[in-house]
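# Coordinate analysis (summary)
Residue strings, one per chain:
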Number of protein chains: 4
Amino acid sequence: MSGTMHIAKLLAAAAALIAAGATAAGAEEATAFEPDRARTAVLITDPQNDFMSEQGAAWGLVKDNVLRLNTRENIAALIKTAKAEQMPVFVSPHYYYEPDADWRARGPIQKTLHDIGMFKVDGATSFKGFAGSGADFYAPLKKSILDGATVVTSPHKIYGPESNDLALQLRKRGIDTVILGGFAANLCTDSHMRELMEQGFNVIVVKDAVGAPGEAAYDAAMLNYSMIANDVWSTTQAVDFIR
Amino acid sequence: MSGTMHIAKLLAAAAALIAAGATAAGAEEATAFEPDRARTAVLITDPQNDFMSEQGAAWGLVKDNVLRLNTRENIAALIKTAKAEQMPVFVSPHYYYEPDADWRARGPIQKTLHDIGMFKVDGATSFKGFAGSGADFYAPLKKSILDGATVVTSPHKIYGPESNDLALQLRKRGIDTVILGGFAANLCTDSHMRELMEQGFNVIVVKDAVGAPGEAAYDAAMLNYSMIANDVWSTTQAVDFIR
Amino acid sequence: MSGTMHIAKLLAAAAALIAAGATAAGAEEATAFEPDRARTAVLITDPQNDFMSEQGAAWGLVKDNVLRLNTRENIAALIKTAKAEQMPVFVSPHYYYEPDADWRARGPIQKTLHDIGMFKVDGATSFKGFAGSGADFYAPLKKSILDGATVVTSPHKIYGPESNDLALQLRKRGIDTVILGGFAANLCTDSHMRELMEQGFNVIVVKDAVGAPGEAAYDAAMLNYSMIANDVWSTTQAVDFIR
Amino acid sequence: MSGTMHIAKLLAAAAALIAAGATAAGAEEATAFEPDRARTAVLITDPQNDFMSEQGAAWGLVKDNVLRLNTRENIAALIKTAKAEQMPVFVSPHYYYEPDADWRARGPIQKTLHDIGMFKVDGATSFKGFAGSGADFYAPLKKSILDGATVVTSPHKIYGPESNDLALQLRKRGIDTVILGGFAANLCTDSHMRELMEQGFNVIVVKDAVGAPGEAAYDAAMLNYSMIANDVWSTTQAVDFIR
């Protein structure tokens, strides 16, 4: 059993971490994680109209946080810099197909997504009506995402990548570290961070390249990122690293 | 693309959910999830001395939250009631063995756990010195946990059950819903909730049978539970359901 | 340590099992697994032109086995009977998209699939040219597979369903047992059987509703099914059960 | 749709592969997979008395194959060489604890394992009576396995590593390729190969460092290894590579 010194040490570490979570700043100094650039990729969750377009079904929900952080510009900067430097870019989208309407026992946000028809795609082998829909990629990013080099994974279906091919696609290219941004900060982005850590990847979350449904959700995400991820960076830090 | 009515509906739902997260109360009314009692089990993450004993390495970190919520008494009540009613009980513990010292690139909390020797067990096939150690089960729960009926899974190694046999053990007994409590609220408990949802389980989190490293971490956990889990109950509600 | 009696018992059991593998018959009597019909679904792996159509890229490889077993008619019978009885039908297809050309270190059959352009689909969000291609569903099955009720999962990418949403889709409909057929018997079908068993599902493989690349591969599959699956049935047995 | 030339090419490739499976020889020439030595480890499944000791519960089942191949000496050579060269060694054992007796709907071999008490360990946190039992490591290997450097993972529970921490432990040490041997060739060894491939690892199976329950099971394993694994080596080839 650890003694008083250990408790003191832990408390100090935890206090720093919680402070980091609250301010979304301290975590940068607390660690010295150095990714191997040749094994690093950019990963964006849900860069789709329903979150990013002003006509998107969930825009109203995330817009205050997105406009405050400049999330859309920051995600665009991450992708643009990665493309310029030949760093691989991965996108993990969120779709629901017609038969998904049969699911039992959805959780509350899953129920909301279903009720408002968010991320709806015609069928697993038919993307009829996809162009410009809420499920389509945000227009300013679309050309980069569909350039034939970006890996667009199969859809995640709840919040994490457990049911898609993200981990495999990263591994088949020798990637062990992701620079992560996207939507929603405390839901799909957090779940991607957690699952990738469980699979032995390193994860750096970009704190101003995410979007949350409200500031309380953003704070919750920041607190969890600061405790779990290998590091939490700003877009500026990430762009500097990628270059 | 969804119209204004959809946005309004989503915003209202989200507002309710976020409020629920803040107050840890509203979520009870928002949903009507009815578990099938015959397919439900109690699951406790990390009911170990390092979190629950006053000599535990992380007691100082969680004690304020634990004492405010009566977490220890509430976890004991969940297990005791389940045992009395022959509802299966599962425990997902957290251990580190000697070779785990070689891990690369730990995240911040993983690093802290390593630095202070938390959850340390002699070896994968040797529990020498386990009795009474920080990794051992909290004494008041130990007899129930080691009664030969409780399923003690293999250890989880990061925060979630991805690397242990929890999902399989639940399935091999026909369980599809868990009533979840334990430590730490926003780390292992949240990660267990998320992974079990990804595997198609239903999850009810017991809001006063968890323990968090500080109230900000507790609030983050409550917000995420309220958005993701099928429901959030009090211990009183859970005990009433189990009986 | 177990004694001589145990060895004798095991040897007898193993001998029966191996015989079952060789004859693909004995396994039916050896077990008494009784699926719960309300929790059972039909699952077909890779019912796509590249395996099933006489113009398919791999038809030459599987045709002798397929014609001997009447695999195509048997798969059609399983789907037709399930549809008539409202038993859910799941299809786990195999696709490769353009960026998959970048994969490192493929195994031998993966390399062959890549070299001959098998299962090629334009892009993850574009099924341009899909109709009638080698990746498309075998024409006589296509209407049933695309009826809006059949669950067409995301593609598997190696051989098993680890990287797609099959397990989740089954669970979200309360399915715990699958009646399994498809292609290729010892590769994707075997890997689906193994992964579903690891996830706590029950699996019944239909021995004449699979297709193998040669009789040696078929025998290997039968031997492994007989040892691992909950049971091995004929199409006649499966149809009788579904009805 | 691929034309006649493609079919011919595929058939030739498949014929070579199937021949390789039958002879367990050709696969060595068919591929040119070159592992990165610094990212390679040795992995042994189930090196336990119940398979390897002449008093083991399943010795009678595998002994003919094991004695023909010199499996025990070959596994010992792999481990010894790896230790001498500081290449990491991983062991994935198979245990059943008391509560596992409650499992529903076992497959045939799982039922046999249960009936004869194979791989039985007192409890998840109690290895009382482990020393010398059928679940313990084979005596000539035991010192190396318990040297504090070998990673002994949590037990696998069906056949594959889906329910243990093998993938995570490999990743946390930067390993992307395993040199694989162990028991039983077509069951746990094959399932480990398949799951690791799905997780993006490279796998080389050592054809004379495995043990099968009969020659038909061995042939089935060889056929599947030759089609799925990155390569199939002899112990001599593996030892030369490790050195």
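Residues numbered from 1 in each chain as written. Chains lettered and ligands numbered in written order. Predicted model: local features only at pLDDT ≥ 70, side-chain atom pairs only at ≥ 80, totals over all residues. Heavy atoms only, no water.

Time to look at the pairing of strand β5 (residues 202-211) of chain C. Residue and element names in this part refer to chain C. Along β5, 10 of the 10 residues are buried, which leaves the element largely enclosed by surrounding structure. Relative to β5, strand β4 (residues 177-183) runs parallel, the two sharing 6 bridges. From the neighbouring strand, V178 faces β5, where its bridge partner is V203. In terms of handedness, the path from β4 via helix α9 (residues 185-198) over to β5 forms a crossover that is right-handed. Pairing between β5 and strand β6 (residues 231-233): 3 bridges, direction parallel. In the sheet register, V206 faces β6, and the bridge partner there is W233. Crossover β5 to β6 through helix α10 (residues 215-228) is right-handed. (Buried < 20%, exposed > 50% of the residue type's maximum accessible area, 1.4 Å probe, protein only. Helix = DSSP H or I, 4+ residues; strand = E, 2+ residues; numbered from the N terminus. Pairing = 2+ DSSP bridges. Right-handed = clockwise from strand over helix to strand, strands pointing away.)

Turning next to the sheet that holds strand β3 (residues 151-152) of chain B. All names here are of chain B. Pairing within the open sheet is parallel, and its 6 strands lie in the order β3-β2-β1-β4-β5-β6. Unpaired on one side and paired on the other, β3 and β6 (231-233) mark the two borders of the sheet. In the sheet, strand β1 (residues 40-45) pairs with strand β4 (residues 177-183) via 6 bridges, with the strands oriented parallel. By the bridge assignment for β4, I44 is matched with G181. Here helix α10 (residues 215-228) sits on the sheet in contact with β5 (202-211) and β6, set at roughly 160° to β5. (Contact = heavy atoms within 4.5 Å. Axes fitted to C-alpha atoms, helices over the stretch in contact; angles between N-to-C directions.)

On to the interface of chain A and chain D. As a measure of interface size, the accessible area lost when the parts come together is often cited. Contacts between the two partners involve 8 residues from chain A, matched on the other side by 8 residues from chain D. Counting every contact that joins chain A to chain D gives 0 salt bridges. Viewed at the interface, chain D and chain A are joined by 0 residue pairs in polar contact (both at pLDDT 80 or more). (Salt bridge = Lys/Arg side-chain N within 4 Å of Asp/Glu carboxyl O. Polar contact = N/O pair within 3.5 Å; in protein donor to acceptor, adjacent residues only side chain to side chain.)

On to the environment of S133 of chain A, then. Tracing the backbone shows S133 of chain A in the loop between α6 (108-115) and α7 (139-145). Given the relative accessible area of 14%, S133 of chain A is considered buried.

Keep in mind these values describe shape, not function.
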